[in-house]
Amino acid sequence: MAIISSKSPPPDRDRPPSKPASKPASESLLDPLVQPEDGETLPTATGATGTNLQDPDGRIRPQCLADYAGQRALKEVLAIAIAAAQHRQEPLDHLLLYGPPGLGKTTLALILAAEMGTQCKITTAPALERPRDIAGLLVNLQPGDVLFIDEIHRLPRMTEEILYPAMEDFRLDITIGKGQTARIRSLPIARFTLVGATTRAGALSAPLRDRFGLVQRLRFYDVEELAAIVLRTAAILKVDLQADGAAEIARRSRGTPRLANRLLRRVRDYAQVRHDGTINQAIAAAALELFSVDPLGLDWTDRRLLTVAIEAFGGGPVGLETLAAATGEDAQTIEEVYEPYLMQIGYWQRTPRGRVVTAAAWRHLGYEPPPAIAAQLTLLPDPSPPPQTP
Ligand code: ADP
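Residues numbered from 1 in each chain as written. Predicted model: local features only at pLDDT ≥ 70, side-chain atom pairs only at ≥ 80, totals over all residues. Heavy atoms only, no water.

Once that is clear, we can look at the overall build of the protein. Counting its secondary structure elements, the protein contains 15 helices and eleven strands. For the protein, contacts bridging at least 24 residues in sequence account for 71% of all contacts bridging at least 6. Per element, the accessible surface of the protein, about 17700 Å² overall, is 53% carbon and sulfur. (Helix = DSSP H or I, 4+ residues; strand = E, 2+ residues; numbered from the N terminus. Contact = heavy atoms within 4.5 Å. Areas by Shrake-Rupley, 256 points an atom, 1.4 Å probe, with all protein chains shown as cover.)

Written out as C-alpha cells, the structure is:
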C-alpha cells in the first residue's frame, strides 16, 4: 500500500504565542497536539495534491486491524464493512471518525486502505484552501482508494461543495467561465472512500455529515490496552520494558496511544542514562515525575487549568474564553485537547454556566473543596488512585 500525504501541521495545533514563560521545557513534550511525533507520525509532504513519503519509523504504527489495540466495537463494525465491501467488490462506504487527537484516526484510515489492498492519500482540511487542491486530489484517485482528510470540520465551504457530488455520485463538477456564461462540466472520478477525521463532530456542516455512511467515535483507551500498545512499541524499538513498567506508563498516558508511545521514548532515555536500560515500575514512575507527568497522567497544563480555575474562580463556573485568557492557553486547544480527558476522569464538568472543577480534582491538587462543591453529587467515582500500601 502506498501512502501519499499532504498532511502538514495545522495552524491551530501550534502553541499559542502567549504561553507563560515559566512553562517547563518538558511540557511541550507531553502536549498531545505537538506534531510530528518523534518518528511515528507521517512526515510532512509538500503540496496539496500529495507526494510520496517514507515514514521513518512507520513500523510503530499498526499496519492491520489485528495489531490495532482497543476500540473493539469500532473494529468489529469496520471488519464487517471491509468484508462486505470486499465481497461485493466495491469500495468501502465513506467513514467519519471523531475523537480527541492521538487516538488512532489516521492509523485506522491507513489500515482500511491496507486491508482493502488500495492506496491511502492523506491530507488535512487547511491544505485544501483552493477548489483546485481538492479537484487535483480527486481526479488522481484510483478505484477503491482511501482519501483521508484530517480536521475535516475546517474545510472551506467551496471545497466542501465540490466534495458533495464526489462523495455521492463520484463526479467532479467544474465551473468553467464566470458570470452568466459560466457552465458546469462534470467529470467522472474513481469510486473512492472518503475517511474524514475530526476532533469536533459538532462543527461539521449537516450536509457533509449526512454524506458519511458510517460515523464512528473513538474512545479513550484503558490502561490494559495502552500497556499492550507500549509493550508492542517496546518490542519494535528493542527496549526492555517489564509488565509493571508498561502499566505505569499506560496509567500516565491520558488514555491516548500517541502519548503512551511518546512517554515510552522519554522513559527509555531515562532508563538508559540513569540505569541499565530496563524499564520497571519504579524507573517509569521516576522518569515521568521528572517530566512532570503525575500518576493520573495530568501534565503541567492540566494542572495549571485546574489550579487557575480553583484559585482565581473558586472552582467555577468559569467561561472557556475567560479561562483561556487567564491561563494563556488557546480556547480551542483547551476544549479539544485538555477538557475531554479531564471530563473523562471526572475532574471537570461543562455546565451551561461555564466550566466547573469537581471535588475530586480539588483534592488531587491538594486543596480542600468548599462544602458546596464537596457535597456535589457526582455520578462518576473518584478516579484518584488508591493509597499506596507500603
Ligand atoms: P490521530 O489521527 O487520531 O491523531 P494517529 O492515528 O496519528 O492519531 O495515532 C497516533 C499514534 O498512536 C500512531 O502513530 C500509533 O503509533 C499509535 N496508535 C494509535 N492508535 C493505536 C492503536 N489502536 N493501537 C496501537 N497503536 C496506536
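This paragraph deals with the nonpolar core. If you look at the biggest cluster of nonpolar residues, it comprises 80 residues, and the most contacted ones within it are Ile249 and Tyr347. Core analysis: the second largest hydrophobic core is formed by 25 residues, Leu155, Ala166, Phe170 and Leu208 among them. (Core = buried A, V, L, I, M, F, W, Y, C linked by side-chain atoms within 4.5 Å. Buried < 20%, exposed > 50% of the residue type's maximum accessible area, 1.4 Å probe, protein only.)

Right, let's get into unusual backbone geometry. Gly316 connects to Pro317 through a cis peptide bond whose omega is 5°. By secondary structure assignment, the location of Pro317 is in the loop between helix 11 (300-313) and helix 12 (320-327). Within the chain, Gln71 stands out as a residue other than glycine whose phi angle is a positive 50°. By the secondary structure assignment, Gln71 is in the loop between strand 2 (51-52) and helix 2 (72-88). Despite not being glycine, Glu151 has its phi angle at roughly 50°, a positive value. With respect to the helices, strands and loops of the structure, Glu151 is situated in the loop between strand 5 (146-150) and helix 5 (157-169).

Using the criterion set out here, one finds three aromatic pairs in the structure. The interplanar angle of 75° and the centroid separation of 5.7 Å between the aromatic rings of Phe220 and Tyr341 together place this pair among those described as edge-to-face. Separated by 121 residues along the polypeptide, Phe220 in the loop between strand 9 (214-217) and helix 7 (223-237) and Tyr341 in helix 13 (residues 331-344) bring together distant segments of the chain. The interplanar angle of 80° and the centroid separation of 6.2 Å between the aromatic rings of Trp362 and Tyr367 together place this pair among those described as edge-to-face. Using a relative accessible area of 24% as the deciding quantity, one classes Tyr367 as partly exposed. (Phe/Tyr/Trp six-rings, centres within 6.5 Å; stacked < 30°, edge-to-face > 60°.)

How two helices sit against one another is set out by the angle between their axes and by the gap between those axes. For the pair helix 7 and helix 9 (residues 257-274), interaxial distance at closest approach is 9 Å and the crossing angle is 50°. Taken together, helix 7 and helix 9 sit at an angle that is classed as oblique. The handedness of the crossing between helix 7 and helix 9 is right-handed. In this structure, helix 7 uses Leu226, Ile229, Val230, Thr233, Ala234 and Leu237 to contact helix 9, whose residues at the interface are Pro257, Ala260, Asn261, Leu264, Arg265 and Arg268. In terms of residue class, the contact of helix 7 with helix 9 is built from eight nonpolar, two polar and two charged. (Axes fitted to C-alpha atoms, helices over the stretch in contact; angles between N-to-C directions. Parallel < 35°, antiparallel > 145°, perpendicular 65-115°, else oblique. Left-handed = near helix turned anticlockwise from the far one by under 90°. Nonpolar A, V, L, I, M, F, W, Y, C, P; charged D, E, K, R; others polar.)

Looking at chain direction, strand 6 (residues 171-176) and strand 7 (residues 183-188) are connected through six bridges and run antiparallel. What sits directly across from Asp173, in strand 7, is Ser186. In this antiparallel pair of consecutive strands, strand 6 and strand 7, the connection spans six residues, and Gly177 shows a positive phi of 85°. (Pairing = 2+ DSSP bridges.)

Attention now moves to helix 3 (residues 105-116). The end-to-end C-alpha separation of helix 3 is 17 Å, in line with the 16 Å expected for twelve residues at 1.5 Å each. Within helix 3, ten of the twelve residues are buried, which leaves it mostly tucked inside the rest of the structure. All buried positions along helix 3 are accounted for by Lys105, Thr106, Thr107, Leu108, Ala109, Leu110, Ile111, Leu112, Ala113 and Met116. A positive phi of about 70° marks Gly117, the residue just after helix 3. (Expected span 1.5 Å × (residues − 1).)

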